[in-house]
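# Coordinate inspection notes
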Amino acid sequence: MVFLTVDQFGSDYLERYGGNLTGGLARLRDEGATWMRGRQDHAIAETAPGHASTMSGRFPVHTGISSNSQGVNTTDAPLIGSGDIGASPFRFRGTTLYDWMKATDPQTRVLSVSRKDRGAILPIGRAKVDIYWFASNGRFTTSRYYRDTLPTWVGAFNATRTPQSYAGRTWSPLLPADRYAEPDTNPLESLGTDLTFPHTLPADEALAMRSFSQYPWMDSLTLAFALEGVRTMGLGATPTRTDLLAVSLSTTDAVGHRYGPDSREIHDQILRLDRYLGAFLDSLQALRGAGRIIVALTADHGIAPFPEWRSPWYRNHDAQRVDPKRAWARVYAAMRAAGVDTAAVDSDDGFRVRDAEAFRRAGVDPDAMAAIWVRELRRYNGVLRADLLRDLASADTVHDDIARRWLHMLPPDGPVRAVVTLEPFGYWAGVDYATHGQPHDYDTNVPVIFWGPGIARGRRAGEARVVDMAPTLATLLGITPLERLDGRALPLRP
Ligand SMILES: [Zn+2]
């Protein structure tokens, strides 16, 4: 069983570049059971919460992973052979598909790989197994949460110095210029520098490794590393056992942030990803036999175009930027007047209480302060709504998509007391790259695809949620989840 997550891959890319897709993306889209209206049905459309929901069948409010800043990073789990920030699933709660597989067959093997720590860690949950990601020194590694030394095959793969061999290489478009509808050059791209193809990786090796993740080759390398793991770990080699390979491909996110969803660069990245995935599926089939592999594909989130770039594809013509400074200034003034240190709150995920004790000491209800913030933000142009969590708890979650997505994100009695939602396609002030993270359809609409034996091909109408994927795969494998899920099994036969 292979679970693929493409980072920052809205469903629309499968339509938009449709005619130019001929590889693995096209194969999965056309031969699989395909929901174009797949949904990450939670509010903060970011990598960590999105990945935590892929194989847990549960929303962020139940996995405990609410945002990247409240994700996997910790100094308690340093990396092996790298000074990059440590990472572990210490915030993740509950079980995943791997745990259910393992409970059924203790021999089950698993490998999870990504360029990003959170992309490799969170799909698997808390299990201390083979989980690897790419460090800024150009090597795949893991953290001491998982092990103290790298296995021989990982060391041998790093010793081939494949990414280092790309130093000084040039990224040019795969197809002739007339196959791209997008302009090559827009001054909003890439902080106003290196706007136009070809893009060249620095010749200096150490510098090249630091920006390698922004070139399509990063995905090709991740897939090559995954295949090497499949070979050496014997994943899928035993006919009586089902093993699990999870791969999260991060380059689409890096290129999308840098150039935006209307750029020629992102179009070309998707075409290359499509070809890489085709070769990857061919290699897997050659290794383990056609008809013995189940593939699932989804994404952690989509993206919104730069507000200043009038998009030919998205309806972002009224998009604006919002600076919440004034709302915070009002809250800080009120807190000071009430005798609460302003350091008792921060802006992670909304209005978050960091120090509940400071409020208790002063005899101040945090929600009274959050209400000031909400009232101020509601007056802003560009703010769609601001809500106290306790008010959202009584919202109509069938018809109010935004309220539902916030409630799938955060507990009503948690440290985040209030949240704000921008108007569609709005950005926060000061963000100089293209980004995502809002509870709107464009940020949460991702493909949900299943492909392989026992799965009837064809486009499926209606919505499928990403939390439905794990229970669907459990049903396909005939295994039972170990806890109550938010998702339910989708019909894989029409
Ligand atoms: Zn991102």
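Rules and cut-offs
- Residues numbered from 1 in each chain as written.
- Predicted model: local features only at pLDDT ≥ 70, side-chain atom pairs only at ≥ 80, totals over all residues.
- Helix = DSSP H or I, 4+ residues; strand = E, 2+ residues; numbered from the N terminus.
- Buried ≥ 20, exposed ≤ 12 C-beta atoms within 10 Å, placed from the backbone.
- Contact = placed C-beta atoms within 7 Å.
- Core = buried A, V, L, I, M, F, W, Y, C linked by C-beta atoms within 7 Å.
- Domains from an automatic or database assignment.
- Nonpolar A, V, L, I, M, F, W, Y, C, P; charged D, E, K, R; others polar.
- Axes fitted to C-alpha atoms, helices over the stretch in contact; angles between N-to-C directions.
- Parallel < 35°, antiparallel > 145°, perpendicular 65-115°, else oblique.
- Pairing = 2+ DSSP bridges.

## Comments concerning the overall build of the chain
Each helix and strand counted, the chain has 18 helices and 18 strands in total. For the C-alpha atoms alone, the extent of the chain along its principal axes is close to 70 × 50 × 50 Å. The proportion of buried residues among the 494 residues of the chain is 54%. In the chain, once contacts between residues fewer than 6 apart in sequence are set aside, the share between residues at least 24 apart is 73%.

## A closer look at the nonpolar core
In terms of nonpolar packing, the biggest core is built from 128 residues, with Leu245, Ala296 and Trp373 touching the most fellow members. The leading source of residues in this core is helix 11 (residues 264-288), at 9 residues. Per-domain counts for this core show at least three residues from each of domain 1 (2-306 + 439-477) and domain 2 (321-423). For Trp373, the contacting residues outside a window of four places in its chain are Ala327, Val331, Phe351 and Ala418.

## Regarding the domain arrangement of the chain
Examined at the domain level, the chain breaks down into domain 1 (2-306 + 439-477) and domain 2 (321-423). Between the C-alpha centres of domain 1 and domain 2 the distance comes to 33 Å. In this assembly, 13 residues from domain 1 lie in contact with 11 residues from domain 2. Looking at side-chain class alone, the side of domain 1 that touches domain 2 contains 6 nonpolar, 6 polar and 1 charged residues.

## Topic: the packing of helix 9 (residues 217-233) against helix 11
Axis angle and axis distance: for two packed helices, these are the angle between their axes and the distance between the axes, and together they describe the pair. Contact geometry for helix 9 and helix 11: axes closest at 10 Å, N-to-C directions at 10°. With respect to their mutual orientation, helix 9 and helix 11 come out roughly parallel. Side by side, helix 9 and helix 11 meet where Asp219, Ser220, Leu223, Leu227, Val230 and Arg231 of the first sit next to Leu273, Tyr276, Phe280, Ser283 and Leu287 of the second.

## Quick word on the sheet that holds strand 14 (residues 416-422)
The strand order 11-12-14-13 describes an open sheet built from 4 strands, whose pairing is antiparallel. Here the strands that pair on one side only, and so sit at the sheet edges, are strand 11 (345-346) and strand 13 (383-388). Across 2 bridges, strand 11 lies against strand 12 (residues 351-353) in antiparallel orientation. When the bridges of strand 12 are listed, Val345 appears paired with Val353. Relative to strand 13, helix 14 (residues 366-378) is tilted by about 170°, and along the sheet it contacts strand 12, strand 13 and strand 14.

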